[in-house]
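# Fold and geometry: a report
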Amino acid sequence: KVEVDVFDEKDRGFSTGKHRFFIANSPTNPSRVIQLEAETEEDMRQWIEKIRDQAQGGKKAKTAALAATSERKLAVLKSKARETSQLLAQNLEEMVDREAAIGDIDEVAGDLDVEAGGFQAVAQSVRRKFCCEDYKWCACLTFGILGSVALIA
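Residues numbered from 1 in each chain as written. Predicted model: local features only at pLDDT ≥ 70, side-chain atom pairs only at ≥ 80, totals over all residues. Heavy atoms only, no water.

### Focus: the overall build of the chain
Assigned secondary structure in the chain consists of two helices and three strands. Pairs at least 24 residues apart make up 27% of the contacts formed inside the chain by residues separated by at least 6 positions. As displayed, the chain offers around 12,400 Å² of accessible surface, 58% of which is attributable to carbon and sulfur atoms. (Helix = DSSP H or I, 4+ residues; strand = E, 2+ residues; numbered from the N terminus. Contact = heavy atoms within 4.5 Å. Areas by Shrake-Rupley, 256 points an atom, 1.4 Å probe, with all protein chains shown as cover.)

Right, dumping it as structure tokens:
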């Protein structure tokens, strides 16, 4: 008779979240107690059912258990590969969006550079105009003061 002792790691304070169980009187090796892990309770139940169902099969049970493990590992790997490819697609999409945003920023920067050059040219011409007006006023005041002095003297 196959005996199964089940304990949940969560109940014992472990943090892996896996379900561990022991099988005694296994059809593959009756003298040995086998420790197994499952990701979910459903996986654990499936393991136990398969082992109990195949208790009379000897090596077939071991092969089936190994096949179940391989199938579970393959499913996990496929899931991880799917998640990775989705993440890669998302990252590529974000990279394309960022590249477009950088192109827009470069275009705006180029426009601002052109406008800044025009602004500097206008600012310089305004500065010259006011400088000339200042000299004109200085000259007028100088001649006005000299004329007033000449009239008084």
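### Overview of the pattern of salt bridges
Under the counting rule described, the total for this entry stands at one salt bridge. Salt-bridge contacts for Arg-98 lead to Glu-94; the nearest nitrogen and oxygen are separated by 3.9 Å. Taken together, the positions of Arg-98 and Glu-94, both in helix α2 (residues 59–152) and four residues apart, correspond to about one turn of that helix. (Salt bridge = Lys/Arg side-chain N within 4 Å of Asp/Glu carboxyl O.)

### Considerations on a negative patch on the surface
Taken together, the side chains of Asp-104, Glu-107, Asp-111 and Glu-115 present a region of like negative charge at the surface. Among the residues examined, Glu-107 registers a relative accessible area of 53% and is labelled exposed. (Patch = residues over 30% accessible without salt bridge, like charges linked within 9 Å, V, L, I, M, F, W, Y side chains within 5 Å. Lys, Arg positive; Asp, Glu negative; His and termini not counted. Charge placed at Lys NZ, Arg CZ, Asp CG, Glu CD. Buried < 20%, exposed > 50% of the residue type's maximum accessible area, 1.4 Å probe, protein only.)

### Topic: a nonpolar patch on the surface
Residues Trp-137, Leu-141, Ile-145 and Val-149 make up a contiguous nonpolar surface patch of about 470 Å² in total accessible area. One can find Val-149 in helix α2.

### Let's talk about the state of the cysteines
In this structure the tally under the stated criterion is zero disulfides. Free of any disulfide, Cys-131 has its nearest cysteine sulfur in Cys-132, 6.0 Å distant. Summary of cysteine pairing: Cys-140 is not part of a disulfide, and the nearest cysteine sulfur, belonging to Cys-138, is at 9.5 Å. Since its relative accessible area comes to 47%, Cys-140 is described here as partly exposed. (Disulfide = S-S within 2.5 Å.)

### A few points about the confidence of the model for the chain
Put simply, the chain has an average pLDDT of 79, and 67% of its residues get 70 or more. In the model of the chain, strand β1 (residues 3–8) stands out as the element of lowest mean pLDDT, 53, in contrast to α2, which has the highest, 90. (pLDDT = per-residue confidence, 0-100.)

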